[in-house]
Structure formats: C-alpha cells, structure tokens
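# A structural walkthrough
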Amino acid sequence: MKDKLNIIVMNGTVDKLLAMATIVSGAVAMGKDVTLFVTFWGLMAFRKGAWQDPAQQKLPAEYQEYAPMMQQAMQTMGVNPWMQTLRTAKELGNVTVYSCSMTQDLFGLKMGDLEDVVDGEKGVAGFIAESQDAEVLVF
Amino acid sequence: MTDTANQGTTVKQEIDARGSACPGPLMELIRGIKAAGVGDAVAVLSSDPGSNKDIPDWVDKIGYELVANEDLGAYHRFVVRKTK
C-alpha cells in the first residue's frame, strides 16, 4: 500500500464530492498523505459558499428522483456536508488541495473566489509529477 | 458503565459522537487521541454501525490498544489507549 493518495476531483455533484471527502478522511485516518487536484465541475463546487447554497448543489440527472430521499436520510443519519468532512480531514492529517490553473482561467476564477481549503493552484504537469509515487483516483 | 475490561485504565477524555455518521466518530476519536498523551486512554461513543468495523481496523493499523468495545444497545463505547 502506497502512503500517498492523489485524487483528481473532476465531478461537481454532491454524491461524488461526499464520497471523495469520506475517502479522504479514511486515507488520513490510515496515515496517508492526500493531494487533491480539483478541476472542471469539481472546481465549480469549490467556489466560496457553493457547498452551502442549495441552488449550487448538483446531483447527476439520472439520480435526481432520489434527491429528496437522500436528503432526508442524510439528515436523519447525521451526515456532515462534504466540505465540513474535507476540512476535518485536512485539520487532522496531511491534505493538500490544488486547483487546476487551466480550469481557473476557463471559468475566470481567482484564488479569492475559492474556498480557503484550497492551498494553491497547479498545472496538470505539476500534479502528475507529484503523483509519481502515489496511488491516483479520479472522482 | 465502567467496566471490567477497563480495569486499571483511566479514561482521560470521553467523546460523545452519537448521532454523527461515518467518518465522524472515527475522526473525532483521532482528534482526541492526537491531543492525548502517551499512555492515556480516550473513549468515544458512536451510534454509527460502521464504527464497529472502522474503529477496530484503525486501532489495528495504527498500533494502539483497543481496551474496550462495549455494546450498549443503541450505541457502542470504544476505549482506545495511545500506547506510543
């Protein structure tokens, strides 16, 4: 088992973001260093306040019908919002979050537009270089 | 609720993570353990069924000691000693 887990966060839907944040937590618990490379729709979800704004919380269209049931179940079970789970993981472990500089240009996003959980921006080559001795997941 | 399994163990901190879902209770335990000194024991209460797998797995991997895992019906109480 490698001690580094790098995740390409491409999806901006809440289901995938929640799974991603939970997996980051598990990796941190097991002593892994985690690096996120946040790109495309993933980066849209990292805009300041997006995770708290119902209008900006997306679900994949094919699962839309489950949205009310999921929301209810998550409330009953006490599931934290994904951003909160990610922040806790970052607080307790070694988690570095990079935004994709190309996506930032594409959507006209400045660092100040993003949640402060983002540590900096990186290009794809830099991320790949950092992933040499890591397991890589795409989310 | 103190417990024969805990004989000789003083629990320094008891964390109530009931009502919190995966990975909440484990992360709260890790937070508590980080702040604890070597030799200290930390207890966490969890109503998340996943904790019953996750917390022992974590303790095993990290190499601490699971002093107790008490089934209290609606929740479990895990006592973990920071051994190093």
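The structure contained in this document is the topic of the report that follows.

About the criteria used
- Residue positions are given per chain, counting from 1 as you read along its sequence in written order.
- For naming, the first written chain is A and the first written ligand is 1, with later ones following in the order written.
- Since the coordinates come from a predicted model, pLDDT governs what is reported: local features require at least 70, and pairs of side-chain atoms require 80 or more to be given and counted, while whole-chain, interface and lining totals use all residues.
- Only runs of H or I of at least four residues qualify as helices and only runs of E of at least two qualify as strands under DSSP, and these elements are numbered from the N terminus.
- The contact criterion used is a C-beta to C-beta distance within 7 Å, with each C-beta placed from the backbone.
- Under the grouping applied here, Gly and all other residues not named as nonpolar or charged are polar, the nonpolar ones being Ala, Val, Leu, Ile, Met, Phe, Trp, Tyr, Cys and Pro and the charged ones Asp, Glu, Lys and Arg.
- A helix's residues, less one, multiplied by 1.5 Å, set its expected span.
- Neighbour density around each residue's C-beta defines its exposure: 20 or more other C-beta atoms within 10 Å make it buried, 12 or fewer make it exposed, and counts between make it partly exposed, where C-beta atoms are placed from the backbone.
- Taking the helix axis as origin, the arc is that swept by the directions to the C-beta atoms.
- Here, any two strands with at least 2 DSSP bridges between them count as paired.
- In this description, a line fitted to the C-alpha atoms serves as the axis of each element, helices being fitted only across the stretch in contact, and the angle between N-to-C directions of two axes falls anywhere from 0 to 180 degrees.

## A closer look at the environment of Gln56(A)
Checked against the element boundaries, Gln56(A) lands in the loop between α2 (40–45) and α3 (67–77). Once the C-alpha coordinates of Gln56(A) and Tyr98(A) are considered, the two residues, 42 residues apart in sequence, prove to be 21 Å apart.

## Focus: the interface of chain B and chain A
Counting residues at the interface gives 13 residues for chain B and twelve residues for chain A. At the level of secondary structure, the elements contributing two or more residues to the side of chain B that touches chain A comprise α1 (24–35) and α2 (51–62) of chain B. For the side of chain B that touches chain A, the element with the most residues is α1(B), which contributes six residues. When the residues that make up the side of chain B that touches chain A are grouped by side-chain class, the tally is seven nonpolar, three polar and three charged.

## Digging into α1(B)
Two residues of an α-helix separated by three or four positions point the same way, owing to the 3.6 residues in each turn. Relative to the 16 Å expected for twelve residues at 1.5 Å per residue, α1(B) spans 17 Å between its end C-alpha atoms, a close match to the ideal helical length. With nine of twelve residues buried, α1(B) lies mostly within the body of the structure. All of the buried residues along α1(B) are Gly24(B), Pro25(B), Leu26(B), Met27(B), Glu28(B), Leu29(B), Ile30(B), Gly32(B) and Ile33(B). On its buried side, α1(B) packs onto α1 (14–29) and α4 (82–92) of chain A together with β1 (11–16), β2 (41–46), α2 and β4 (76–81) of chain B.

## Things to note about α2(B)
With twelve residues, α2(B) extends 16 Å from end C-alpha to end C-alpha; this agrees with the ideal 16 Å at 1.5 Å per step. Regarding α2(B), the residues found buried are Ser51(B), Asp54(B), Ile55(B), Trp58(B) and Val59(B). Down the axis of α2(B), the buried side of the element spans an arc of 125°, and every buried residue falls inside it. Those residues of α2(B) that are exposed and angled more than 90 degrees off the buried face are Lys53(B), Asp60(B) and Lys61(B). Those residues of α2(B) that are buried lie in contact with α1 of chain A together with α1, β2, β3 (65–71) and β4 of chain B. At the exit of α2(B) stands Gly63(B), carrying a positive phi of roughly 90°.

## Notes on the sheet that holds β2(B)
Residues and elements named next belong to chain B. If you walk across this open sheet you meet the four strands as β1-β2-β4-β3, and the pairing is mixed. On the outer flanks of this sheet lie β1 and β3, each paired with one strand and no other. Neighbouring strand axes in the sheet, compared pairwise and without regard to direction, differ in orientation by 15° on average. Two strands pair when backbone bridges link them, and β3 and β4 are joined in this way by six bridges, in the antiparallel orientation. Each residue of the ladder has a partner; that of Ala-68, found in β4, is Val-79. Against the sheet, α1 engages β1, β2 and β4, with an angle of about 160° to β2. Along the sheet, α2 contacts β2, β3 and β4; its crossing angle with β4, the most-contacted strand, is approximately 5°.

Function cannot be inferred from these measures alone, as they are strictly geometric.
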